[in-house]
Amino acid sequence: MKISDLKKAFFISLLIATFCSCGKIDLYEKQAQIPSQKWFYNNVPEFSFHISDTASLYNIYVVLMHTDLYGYNNIWLRVGSRAPEDSMSFQNLNIRLTEGASWKGTGMDNIYEIRELISPGPVSFNKLGDYDFTIAQIMRENPLNYILNVGLRIEKIPN
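Residues numbered from 1 in each chain as written. Predicted model: local features only at pLDDT ≥ 70, side-chain atom pairs only at ≥ 80, totals over all residues. Heavy atoms only, no water.

Some details on the overall build of the protein chain
Reasoning step 1: When helices and strands are tallied, the protein chain shows 1 helix and 13 strands.
Reasoning step 2: Long-range pairs, those at least 24 residues apart, make up 79% of the contacts in the protein chain with a sequence separation of at least 6. (Helix = DSSP H or I, 4+ residues; strand = E, 2+ residues; numbered from the N terminus. Contact = heavy atoms within 4.5 Å.)

So, in C-alpha cells, the structure goes:
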C-alpha cells in the first residue's frame, strides 16, 4: 500500500468516526444582514420556524454581529413573538455587548458576534405550528451604525 493510500484511508476513517460520534442538534438559526451596516428603525427582520414537538424545552437566543467601531456598550432591542393563531407580543431587551473594556462574544479581527439568551430559562412551545419573531433596534440613534447582522437561534434541549 502506498503512503498516499494510507493517508486517504486514515482521512476517511477520521471522517466516519467524527460523523458517527456526533449527536443530532435540533436548532433553528437565521440571520438577517443589515444593509451598509446601518440599522434603521423601519428595518425589522422577521423570523419564522415550525414547532412539531411541544413536549421539549428550548433556549431562545438573539445573535448580533457588529464591528469594533460600534459606539455603545449595549443595544436595546424590541423582540416580538407570535405563537400560531395568537397576536404578536413584545419585550424590550437591553443586551450588554461589553465586559469591562472588552467586547463580549467571539471576535475575529474587528468583527464580534454575540449570542445572548433572551428568556430567563428554557421555554416550551405549547402549540404545534409556525412561530414568528421580529427584532427591531430601539436605540436613540437612527440609523444605528456598525451592526452587520441580527438573528434568532432556537436550540432544542436534549432530553
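Past the structure itself, the notes keep going.
Considering the pairing of strand E5 (residues 74–82)
Reasoning step 1: Looking at chain direction, E5 and strand E6 (residues 89–96) are connected through 8 bridges and run antiparallel. When the bridges of E6 are listed, Asn 74 appears paired with Arg 96.
Reasoning step 2: Between the antiparallel neighbours E5 and E6 lie 6 residues, among them Glu 85 with a positive phi of about 65°.
Reasoning step 3: Where E5 meets strand E11 (residues 129–137), 6 bridges bridge the pair, whose relative direction is antiparallel. Within E11, the position partnered with Ser 81 by the bridge is Phe 133. (Pairing = 2+ DSSP bridges.)

Details of the environment of Val 44
Reasoning step 1: Along the polypeptide, Val 44 turns up in the loop between strand E2 (38–39) and strand E3 (46–51).
Reasoning step 2: With 10 residues separating them in the primary sequence, Val 44 and Ile 34 have C-alpha atoms 9.9 Å apart.
Reasoning step 3: Aside from chain neighbours lying at most four places away, what touches Val 44 is Thr 134, Ile 135 and Ala 136.

A few points about unusual backbone geometry
Reasoning step 1: Of note, the bond from Asn 142 into Pro 143 is cis; its omega dihedral lies within 30 degrees of zero at 5°.
Reasoning step 2: Looking at where Pro 143 falls in the secondary structure, it is placed in the loop between E11 and strand E12 (144–145).
Reasoning step 3: With a phi angle near 65°, Glu 85 is a residue other than glycine that sits in the positive phi range.
Reasoning step 4: Among the secondary structure elements, Glu 85 is positioned in the loop between E5 and E6.
Reasoning step 5: With phi around 70°, Tyr 146 is a residue other than glycine that occupies positive phi space.

Focus: the nonpolar core
Reasoning step 1: Residues Trp 39, Phe 49 and Ile 75 are the most contacted members of the largest nonpolar core, which totals 30 residues.
Reasoning step 2: Listing elements by their share of this core, those giving two or more residues are E3, strand E4 (58–67), E5, E6, E11 and strand E13 (147–156). (Core = buried A, V, L, I, M, F, W, Y, C linked by side-chain atoms within 4.5 Å. Buried < 20%, exposed > 50% of the residue type's maximum accessible area, 1.4 Å probe, protein only.)

Re the pairing of E11
Reasoning step 1: Among the 9 residues in E11, 8 count as buried, and that is most of the element.
Reasoning step 2: Note: E3 against E11, 6 bridges, orientation antiparallel. For Ile 51, the partnering residue across the bridge sits in E11 and is Gly 129.

What to know about the packing of aromatic side chains
Reasoning step 1: The final tally for this structure, using the stated rule, is 9 aromatic pairs.
Reasoning step 2: Ring centres 5.3 Å apart and planes at 35° place the aromatic pair Tyr 28 and Phe 49 in the tilted group. Note that Tyr 28 is positioned in strand E1 (residues 27–33) and Phe 49 in strand E3, a separation of 21 residues in sequence. Considered together, Tyr 28 and Phe 49 belong to a single accessibility category, that of buried residues.
Reasoning step 3: Relative to Phe 133, the ring of Phe 49 lies with its centre 5.7 Å away and its plane at 25°, an arrangement referred to as stacked. Linking Phe 49 in strand E3 with Phe 133 in strand E11, this pair joins segments that are 84 residues apart in sequence. (Phe/Tyr/Trp six-rings, centres within 6.5 Å; stacked < 30°, edge-to-face > 60°.)

Points about the sheet that holds E1
Reasoning step 1: Spatially, 5 strands are ordered E1-E13-E4-E10-E9 in an open sheet, and the strand pairing comes out antiparallel. Unpaired on one side and paired on the other, E1 and strand E9 (106–108) mark the two borders of the sheet. Going from strand to strand, the sheet's axes swing by 15° on average, the running direction of each strand aside. (Axes fitted to C-alpha atoms, helices over the stretch in contact; angles between N-to-C directions.)

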